[in-house]
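Each chain, written out:
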Amino acid sequence: YSSTPNIQQMAQSAQRAWDNKPLEELVQTIVSAPVATDWREAQMAGGVQSGAQVKQAWSALEAIQKRTDSQAVFDALIPHINIASSNLQYQRALASVGEDIAVAPLLEFVKSGQQNERLNALKALAEMHAGTAAEGLVAFIHDDDQSIRTEAVRALGFTGHPIAHNALKDYDRQQYPINATTLGIAQRWCNVPDTLDEFRRRKAKGDLGIDETLARLENQYATYWQDI
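Residues numbered from 1 in each chain as written. Predicted model: local features only at pLDDT ≥ 70, side-chain atom pairs only at ≥ 80, totals over all residues. Heavy atoms only, no water.

Section: the nonpolar core
Then step 1. In this structure, Leu 94, Leu 106, Leu 125 and Leu 168 are the most contacted members of the largest nonpolar core, which totals 62 residues.
Then step 2. For this core, the element with the highest residue contribution is helix α8 (residues 115-128), accounting for seven residues. (Core = buried A, V, L, I, M, F, W, Y, C linked by side-chain atoms within 4.5 Å. Buried < 20%, exposed > 50% of the residue type's maximum accessible area, 1.4 Å probe, protein only. Helix = DSSP H or I, 4+ residues; strand = E, 2+ residues; numbered from the N terminus.)

Structure, rendered in structure tokens:
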């Protein structure tokens, strides 16, 4: 028997240290990290320190996602909403806040914010899979700005709401150009009955790693589609 801690125990211990850090420090770690989702890419681009900062940002995100004081988390994050719109950790941190707190102010940023604020708000709503945002998001799928249009379509698709399905099923890419793949993915995820059937069949065949997505689709179906 060895008393030497294994790698998993060391990782858990390191994460507990992050979990105990003040909220402001966690937020600062996320917003000041290099814009990269993979620490290896960051390390190649900016050296060992950049790689370490990206790792720390993911640890800070994990700690924030465990917080139960959603309003405090939102209040700490929202002053930074004008940061680069490619900070996925920031958007996922915003998405960890409850829909009842976040959806209305995020939609307001989409409506009247600056470019990065609009994009961050849309990407956070997409990460949130916020069904309660569906009606509000429809207003932006024909925005004059193609990048806003694209993110609005993506966020709307992920709501899994019948409103989204109706708005996107006959979307005119000729009049409002967006990437065909982005539109196709959005149409798939908001067509919850068909996509849910597909995932149920995959589960029955023993497909692994789909439980979280299947659970989300089941919940979206029960919440928005069951009585239609």
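More follows now that the structure is in view.
Thoughts on unusual backbone geometry
Then step 1. Here the phi dihedral of His 129 falls at roughly 50°; this positive angle occurs in a residue that is not glycine.
Then step 2. A relative accessible area of 23% means that His 129 is categorised as partly exposed.

Some words on the environment of Ser 32
Then step 1. Note on placement: Ser 32 falls in the loop between α2 (23-31) and α3 (39-46).
Then step 2. Classification of Ser 32 as partly exposed rests on a relative accessible area of 47%.
Then step 3. Taking C-alpha positions, Ser 32 is 21 Å from Arg 16, a pair spaced 16 residues apart along the chain.
Then step 4. Reaching out from Ser 32, the side chain makes a polar contact with the backbone oxygen of Gln 28 at a distance of 2.6 Å. (Polar contact = N/O pair within 3.5 Å; in protein donor to acceptor, adjacent residues only side chain to side chain.)

Concerning the packing of aromatic side chains
Then step 1. Throughout the structure, instances matching the rule amount to three aromatic pairs.
Then step 2. Centre to centre, the rings of Trp 189 and Phe 199 are 5.7 Å apart; their planes meet at 45°, and the pair counts as tilted. Highlighted residues: Trp 189 in helix α12 (residues 180-190) and Phe 199 in helix α13 (residues 192-204), separated in sequence by 10 residues.
Then step 3. Of the residues examined, Trp 189 reaches a relative accessible area of 12% and is grouped as buried. (Phe/Tyr/Trp six-rings, centres within 6.5 Å; stacked < 30°, edge-to-face > 60°.)

Concerning the pattern of salt bridges
Then step 1. For the structure on display, the rule yields 12 salt bridges.
Then step 2. Two residues, Glu 198 and Arg 188, come together in a salt bridge whose shortest N-O distance is 2.6 Å. Linking Glu 198 in helix α13 with Arg 188 in helix α12, this pair joins segments that are 10 residues apart in sequence.
Then step 3. Glu 198 gets classed as partly exposed once you look at its relative accessible area, which sits at 25%.
Then step 4. Given the relative accessible area of 31%, Arg 188 is considered partly exposed.
Then step 5. With its nearest N and O atoms 2.7 Å apart, the salt bridge here joins Asp 207 to Arg 202.
Then step 6. Overall, the relative accessible area of 28% leaves Arg 202 in the partly exposed class.
Then step 7. Within this structure, Arg 188, Glu 198, Arg 202 and Asp 207 form a network of salt bridges that share partners. (Salt bridge = Lys/Arg side-chain N within 4 Å of Asp/Glu carboxyl O.)

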